[in-house]
Amino acid sequence: MKKVILLIIMCLMLTACNTASNTANSNPTENVLRYGITKSIEHLNPILTEEGHSELQSLVYRGLMKQTETNDVVGDVAKSVTLSEDELTYTFMLHEATWHDGRPITADDVKFTLEQIKTPEVASPYFSDFQTVVGVEIVDKHTVQIIVNEPTPTLLHKLKVGLLPQHIYEGQDILTAPQNTAPVGNGPYVLKNWSADDVLTFEANERFYGTTPEIEKIIVFTKLDENAKLLRLKSGDLHIAQITPQQKEAVEAYEHVEVKTLQTADYRALQFNQHHAQLADERVRKAINHLIDREQLIQLVLHGTGEQAFGPLQRSFARADADVYRLDVAQATKLLEEAGYKKETKYFENEGEVLQFNVVAPITDAVRVSLATVIVEQLQAKGVNAILQTKDWSNIAIEAEDTFMIGWGSEDDPDTHTYRVFHSTEHAPAGYNYALVNNPEIDEALENAKGGTRGERIENYNTFQQHLADEMVFSFLVYVDGIYAMSDKLVGTSNRILGHNGFGIMWNIEDWRWEDLDV
């Protein structure tokens, strides 16, 4: 079976074997960074898309706070913040800063942004992050107070979301405003051109209130296929791009290219549909979980990178590894027998019905497809008729699929990708609870974990993770690394833990520079 799996994986990720000649120059000849990505970009509005789905928003938009190399938060647009003794009022003093059109950033912009996020019709992915915010008071032009109805230690992390200019968006439908693709931001770079072939050109913002960027221009090539991306990296036409584990070894041989492997908080899991006739039995879900060999996933799909997953908060202060996400064929067999299944031929059957379901993965995500491929092979070999289905995102209804190869995770506060993913008020399609979890004990633990001391929050997150393991709506599989290929002359990138989809590499873009610039 291992040989078959290896052959399938090699076919899925063939681009790693590209043998184009290398003509890269050792030194850049202009102060320009060329960045390549495979995804398409629909807009740059920071409150309409989670930051983990677009690296580019932070070039153009900045919030009150920003993350540090250790994923703590410090002031960004806010030059200071104070908290009242009752922990219910945050007072922010703003930098004397401007939008890209020269208009000043004011407390009105802060209030406007939060009001938009809290408007249900906007359907911002950050809506649930600000549930405890009950008021925004303007003290003066550069001072704003945010009032919460209970102590909210997560608030400062949430306030990394980019601010919107009130004078631009007021009176418009924020969902369709033309400024979503022609932004007037406040970040270190200004969008100068968005071409018909979706190449985005950014230039350094000379009026930026923070550190003036060293690199004058960033050109982002979107919608690149994997082969084109590797060719451009090898030739020197691209200076940085994220690559897959399968591509890592080949790219490490490229001249003048450095490969950087960074830890992320980004996990992959097999999400179960609890409304599927057979998967509705938690014993069946738990059995399938025990039939998955995660170490084989690490070796065959991730090529020794990443690590096995034991829960959704593995890279946070609230880590609590549940001892259930492991290979245990004997326990799986016992659970299936308890659920009425017997294996008398190739597959487990219950009253003549074969244990069968689809494993769905997005066809454009090579790593997810490869993980799903190996899991299907593993389950087939152990008596479960798992069937691989690869689909375009437009044809995927995550909450309706039998099982889905899901990806989540955040380097941010633990609340970020737990409440919105597992709380019963966040059910899809309106929210991100695609597994349709509806467990009062999980709800209570997540609600309590929003506040309290660090120790109290850890205790509540431990409770949450135990109930999550008991319910087995996700079989946690692996944490993937963020692997970036970049010019060996690019200086300033850091080793911070990245977020979902390897997001966050550009968190300190202002500090990036060329070591040797031939001009």
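None of these values were measured; they are calculated from a predicted model.

Novice: Lay out the overall build of the protein chain in plain terms, naming residues and giving numbers.
Specialist: A tally of regular secondary structure across the protein chain gives 14 helices and 24 strands. Taking 519 residues into account, the globule formula puts the C-alpha radius of gyration at 24 Å, and the protein chain, at 24 Å, falls close to it. Along the first, second and third principal axes, the C-alpha atoms of the protein chain reach 75 × 60 × 40 Å. With 519 residues in all, the protein chain has 57% of them scored as buried. A sequence separation of at least 24 residues applies to 72% of the contacts in the protein chain between residues at least 6 apart. Total accessible area computed for the protein chain in this model is approximately 20800 Å², and 46% of it derives from carbon and sulfur atoms. In the protein chain, 44 side chains carry a positive charge and 77 a negative one; their mean positions are 4 Å apart.

Novice: An account of the pairing of strand E11 (residues 240-243) is needed here, citing residue identities and associated values.
Specialist: Remember that side chains alternate between the two faces of the sheet whenever the strand is regular. Here strand E1 (residues 32-36) pairs with E11 via two bridges, running parallel. Following the sheet pairing, Gly-36 is matched in E11 by Ala-241. Taken together, the four bridges between E11 and strand E22 (residues 482-487) define a ladder with antiparallel strand orientation. Bridge pairing links Ala-241 to Ala-485 in E22.

Novice: How would you explain the confidence of the model for the protein chain if you had to name every residue and give the values?
Specialist: Mean pLDDT over the protein chain stands at 92; residues scoring 70 or higher make up 94%. Segment residues 12-25 is flagged for pLDDT under 50; beyond a separation of four residues in sequence, or across chains, it makes 35 contacts in the model.

Novice: Tell me about the packing of aromatic side chains, and name the residues and values.
Specialist: Counting across every chain of the model gives 12 aromatic pairs. Geometrically, the ring pair formed by Tyr-267 and Phe-476 is edge-to-face, given 5.1 Å between the ring centres and 70° between the ring planes. Highlighted residues: Tyr-267 in strand E13 (residues 267-272) and Phe-476 in strand E21 (residues 474-479), separated in sequence by 209 residues. Overall, Tyr-267 belongs to the buried group, its relative accessible area being 0%.

Novice: Can you explain the nonpolar core? Please cite residues and give values.
Specialist: Counting residues in each nonpolar core, the largest one holds 70 residues, and the members touching the most others are Phe-422, Phe-464, Phe-474 and Phe-476. Setting aside residues no more than four positions away along its own chain, Phe-422 makes contact with Tyr-267, His-417, Asn-433, Val-437, Ile-442, Asp-443, Leu-446, Phe-464, Leu-468, Phe-474 and Phe-476. Core analysis: the second largest hydrophobic core is formed by 65 residues, Leu-56, Val-60, Phe-130 and Val-136 among them.

Novice: Pulling in residues and values, what's your account of the pattern of salt bridges?
Specialist: Note that side chains of opposite charge can pair when their charged atoms are close. Counted by the stated rule, this structure contains 22 salt bridges. With its nearest N and O atoms 3.2 Å apart, the salt bridge here joins Lys-229 to Glu-226. In this pair, Lys-229 and Glu-226 are both assigned in helix H6 (residues 226-235), three residues apart and thus about one turn of the helix distant. Close ionic contact of Arg-326 with Asp-328 constitutes a salt bridge, the shortest N to O distance being 2.9 Å. Where salt bridges share partners, they join Asp-129, Lys-158, Asp-415, Arg-420 and Lys-450 into one cluster.

Novice: I'd like a rundown of the pairing of strand E8 (residues 189-194), residues and numbers included.
Specialist: Pairing analysis gives five bridges linking E8 to strand E9 (residues 199-204), with the strands arranged antiparallel. From the neighbouring strand, Val-190 faces E9, where its bridge partner is Glu-203. Where E8 hands over to E9, the hairpin turn is made up of four residues, of which Asp-198 adopts a positive phi near 60°.

Novice: I'd love a proper account of the packing of helix H13 (residues 440-449) against helix H14 (residues 454-471), names of residues and values included.
Specialist: Viewed as axis vectors pointing N to C, H13 and H14 meet at an angle of 155°, and their least axial separation amounts to 8 Å. The pairing of H13 with H14 is recorded here as roughly antiparallel in orientation. The crossing of H13 and H14 is left-handed. Taken together, the residues of H14 that come into contact with H13 (itself represented by Glu-441, Ile-442, Ala-445, Leu-446, Asn-448 and Ala-449) are Arg-457, Asn-460, Tyr-461, Thr-463, Phe-464, His-467, Leu-468 and Glu-471. For the contact of H13 with H14, the class distribution of residues is seven nonpolar, four polar and three charged.

Novice: Give me the lowdown on the environment of Trp-194, citing residues and values where you can.
Specialist: Inspection of the secondary structure assignment puts Trp-194 in strand E8. When the C-alpha positions of Trp-194 and Gln-179 are compared, they lie 12 Å apart, and in sequence the two are 15 residues distant. Leave out the neighbours within four places in its chain, and Trp-194 touches Ile-41, Glu-42, His-43, Leu-44, Thr-181, Val-199 and Leu-200. Here the side chain of Trp-194 touches Asp-198 through a polar contact of 2.9 Å, side chain to side chain.

The rules we used
Residues numbered from 1 in each chain as written. Predicted model: local features only at pLDDT ≥ 70, side-chain atom pairs only at ≥ 80, totals over all residues. Heavy atoms only, no water. Helix = DSSP H or I, 4+ residues; strand = E, 2+ residues; numbered from the N terminus. Rg over C-alpha atoms; globule rule 2.2 N^0.38 Å. Buried < 20%, exposed > 50% of the residue type's maximum accessible area, 1.4 Å probe, protein only. Contact = heavy atoms within 4.5 Å. Areas by Shrake-Rupley, 256 points an atom, 1.4 Å probe, with all protein chains shown as cover. Lys, Arg positive; Asp, Glu negative; His and termini not counted. Charge placed at Lys NZ, Arg CZ, Asp CG, Glu CD. Pairing = 2+ DSSP bridges. pLDDT = per-residue confidence, 0-100. Phe/Tyr/Trp six-rings, centres within 6.5 Å; stacked < 30°, edge-to-face > 60°. Core = buried A, V, L, I, M, F, W, Y, C linked by side-chain atoms within 4.5 Å. Salt bridge = Lys/Arg side-chain N within 4 Å of Asp/Glu carboxyl O. Axes fitted to C-alpha atoms, helices over the stretch in contact; angles between N-to-C directions. Parallel < 35°, antiparallel > 145°, perpendicular 65-115°, else oblique. Left-handed = near helix turned anticlockwise from the far one by under 90°. Nonpolar A, V, L, I, M, F, W, Y, C, P; charged D, E, K, R; others polar. Polar contact = N/O pair within 3.5 Å; in protein donor to acceptor, adjacent residues only side chain to side chain.

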